[in-house]
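Chain residues, written in single-letter form:
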Amino acid sequence: MEWWVSMPKVELHAHLNGSIRDSTLLELTKALGEKGVINFSQVEHIIMKYNRSVKEVFQLFDLIRILTTDHAILTRITREVIEDFASENVVYLELRTTPKRNDAIGMTKGSYFEAVLEGLRSVTSVDVNFIPHDKEDSRTLFSPNNGSSRKRIYVRLLLSIDRRETTEAAMETVKLALEMKQFGVVGIDLSGNPLVGDWNTYLPALKFARNQGLYVSLHCGEIPNPKEIHQMLDFKPERIGHAICFEKEHWEILKSSKIPVEICLTSNIRTLTVRSIQVHHFVGLYKTKHPVVLCTDDSGVFSTCLSKEYKIAADAFVFTGLGKRESFELSRNAVELIFAERQVKEDLTKYFDSVAKTMGVYKNKIHSYEL
Ligand SMILES: CNc1ncnc2c1ncn2[C@@H]1O[C@H](COP(=O)(O)O)[C@@H](O)[C@H]1O
Ligand SMILES: [Zn+2]
């Protein structure tokens, strides 16, 4: 097996409905076509398109939204997404999703979340840990005496606020996240079409989330919006996603505040927000040892997976010294950026160290982030 597949990996930026399997997406679209809810021939080209502009990507998300407003489908997608990540040796997955209300089918944000939770519970083919450790409990997923040869994966959840939402709706999501901490919700994400919405709408909910002990990750700088980027960096989120359309002053704030960046190479290329992999800002951040983590964003929508992202990075930046050993370190250093509790970090760190030996990569850290 290739090293980028067998290497343990940490996924910190994956949207549930964007990570839907291709085959499931087609199956659901055809089924709705047969029911007459949508016209399959009209949407087929949106599904099949390779490069999509940001605008077209959000058209596809609107379509996916029609397909997945059903509790049973959400449960199924959640199960499949976890199985897919585990199958490529993702050992820690922070999955994010936007709880949605749909009065027509009696769906509330709460029942949406329950359906996702049911998906987590329904995984049988791999070992999943999603309930946080309580202080007394020292059991860990990767402890050597676990004895299982099955794939193992930690899953934690972020609840997303959609940029289309009102302050009240955003607040409802944060309150739900707080209620569901016991089921592995660790934080809040701000996402959705970067062309819509205003920072001040979400700020009260984000502040509330932070005050209540939730971590915050923001989609930041997907389009040129210098004022908003500045405001977001001033908020000092625990992580940001993308960081594409940054100007000099933004880079300076980012570097000095050491806010970790979730890098989504394929997503940025496919949405045409970065011209080519060679000019991607990942390399500059990596070279200066800024905390970065490679992620998929929407593995289904962009036909990628985390192993592929590591391979793409290694191929593109081999002359920067990103070989097998450095990729392993990059993956292991991501453990420092996870939002889960201390025991999970410790368990994963030990696991990475044990795998380092069998993979023939150095055990010593090349560098660790000074967060
Ligand atoms: C391409 N870059 C991106 N930028 C901003 N938001 C994105 C995104 N990719 C996905 N989403 C957000 O995640 C939702 C799908 O998953 P959930 O329904 O929440 O599970 C999208 O509708 C959008 O709001
Ligand atoms: Zn994203």
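For the chain, an unreviewed UniProt entry supplies the name N6-mAMP deaminase isoform X1 and the organism Arachis duranensis. A UniProt comment under Cofactor (unreviewed entry) is attached to the chain, and it reads "Zn(2+)". Note on the chain: under the UniProt heading Catalytic activity (unreviewed entry), the record states "N(6)-methyl-AMP + H2O + H(+) = IMP + methylamine".

Asks: Kindly report on the coordination of the zinc ion (ligand 2), identifying the contributing residues and their values.
Replies: Distances from the zinc ion (ligand 2) to its protein donors, H13 (NE2), H15 (NE2), H219 (NE2) and D297 (OD), fall within 2.1 to 2.2 Å. For the zinc ion (ligand 2), the 4 donor atoms in the first shell make angles of 82 to 169° at the metal, so the coordination geometry reads as irregular. Motif for the zinc ion (ligand 2), donor spacing along one chain: H-x1-H-x203-H-x77-D. Summarising the burial analysis for this pair, H13 and H15 share the class buried.

Asks: I'd like a rundown of the nonpolar core, residues and numbers included.
Replies: Ranked by internal contacts, the top residues of the largest apolar core, which has 117 residues, are I240 and F282. At 8 residues, the largest contribution of residues to this core is made by helix α4 (residues 54-67). Residues in contact with I240, not counting those within four places in the same chain, are S217, L218, C220, L233, F246, L254, I259, P260, V261 and E262.

Asks: With reference to specific residues and values, describe helix α5 (residues 71-87).
Replies: Relative to the 24 Å expected for 17 residues at 1.5 Å per residue, α5 spans 24 Å between its end C-alpha atoms, a close match to the ideal helical length. Every buried residue of α5 is accounted for by I73, L74, T75, I77, T78, E80, V81, I82, F85 and A86. One side-chain oxygen at the N-terminal end of α5 lies 2.8 Å from the backbone nitrogen of A72; it belongs to D70. Backbone geometry just downstream of α5 places N89 in the positive-phi region, at approximately 65°.

Asks: Go over the environment of K255 with me, naming the residues and quoting the values.
Replies: Its location among the elements puts K255 in helix α10 (residues 248-257). Sequence-wise, K255 and H290 are 35 residues apart; in three dimensions their C-alpha atoms are separated by 7.0 Å.

Asks: Talk me through the pattern of salt bridges; I want residue IDs and the actual numbers.
Replies: Side-chain pairs of opposite charge can arise whenever the charged atoms involved come near each other. Counted under the stated rule, the structure contains 25 salt bridges. Residues joined in a network through salt bridges with shared partners are R21, E27, R76, E80, E83 and D84.

Asks: Explain the layout of surface pockets to me, and be specific about the residues and the numbers.
Replies: Within this model, the largest pocket holds a volume of roughly 510 Å³. As for the largest pocket, its lining consists of 34 residues, of which H15, F58, F61, S191 and G192 are closest to the centre. At the level of elements, α4, β2 (90-97), β4 (152-162) and α11 (265-270) are the ones that each hand at least two residues to the lining of the largest pocket. If you tally residues by element for the lining of the largest pocket, the top one is α4, at 7 residues. Its residues assigned to classes, the lining of the largest pocket comprises 9 nonpolar, 16 polar and 9 charged. Here the second largest pocket defines a volume of roughly 230 Å³. As for the second largest pocket, its lining consists of 14 residues, and the residues nearest its centre are N89, R150, K151, R152 and Y351. A total of 3 residues in the lining of the second largest pocket trace back to one element, the largest contributor, which is helix α15 (residues 342-359). Looking at the lining of the second largest pocket residue by residue, the class counts come to 7 nonpolar, 4 polar and 3 charged.

Asks: Please set out the packing of aromatic side chains residue by residue, giving values where relevant.
Replies: All chains considered together, the criterion is met by 10 aromatic pairs. Both rings, one in F142 and one in Y154, keep their centres 6.1 Å apart while their planes meet at 50°; by these two values the pair is tilted. Remark: Y154 occurs in strand β4 and F142 occurs in the loop between β3 (127-129) and β4; sequence separation between them is 12 residues. What makes F142 buried here is its relative accessible area of 8%. Judged by centre distance (4.9 Å) and plane angle (50°), the rings of F246 and W251 are tilted.

Asks: Before we move on, can you summarise the site of ligand 1 with the specific residues and values?
Replies: Close to ligand 1 lie 19 residues; T97, T98, K100, E222 and D298 are nearest. Contact between ligand 1 and N17: an oxygen atom at 2.9 Å from a side-chain N or O atom of the residue. A distance of 2.7 Å separates a nitrogen atom of ligand 1 from a polar side-chain atom of D298. The protein chains hide 98% of the 520 Å² of surface that ligand 1 would expose on its own. When atoms are counted within 2 Å of each cavity's grid points, the one that captures over half of ligand 1 is the largest pocket. Here the shell around ligand 1 is composed, by residue class, of 5 nonpolar, 9 polar and 5 charged.

Reading guide: rules and limits
Residues numbered from 1 in each chain as written. Chains lettered and ligands numbered in written order. Predicted model: local features only at pLDDT ≥ 70, side-chain atom pairs only at ≥ 80, totals over all residues. Heavy atoms only, no water. UniProt positions renumbered as here; feature names shortened; annotations may be inferred. Donors = N, O, S within 2.8 Å, 3.2 Å for Na, K, Ca; no water. Tetrahedral: all angles 85-135°; square planar, octahedral: opposite > 155°, others 65-115°. Buried < 20%, exposed > 50% of the residue type's maximum accessible area, 1.4 Å probe, protein only. Core = buried A, V, L, I, M, F, W, Y, C linked by side-chain atoms within 4.5 Å. Helix = DSSP H or I, 4+ residues; strand = E, 2+ residues; numbered from the N terminus. Contact = heavy atoms within 4.5 Å. Expected span 1.5 Å × (residues − 1). Polar contact = N/O pair within 3.5 Å; in protein donor to acceptor, adjacent residues only side chain to side chain. Salt bridge = Lys/Arg side-chain N within 4 Å of Asp/Glu carboxyl O. 1 Å grid on protein atoms, 1.4 Å probe; cavity = no way out; pocket = protein on both sides within 12 Å on 5 of 7 lines; lining within 4 Å. Points joined across faces, edges and corners; volume = space filled by probe spheres on them. Nonpolar A, V, L, I, M, F, W, Y, C, P; charged D, E, K, R; others polar. Phe/Tyr/Trp six-rings, centres within 6.5 Å; stacked < 30°, edge-to-face > 60°. Near = heavy atom within 4 Å. Areas by Shrake-Rupley, 256 points an atom, 1.4 Å probe, with all protein chains shown as cover. Sits in = over half its atoms within 2 Å of the grid points.

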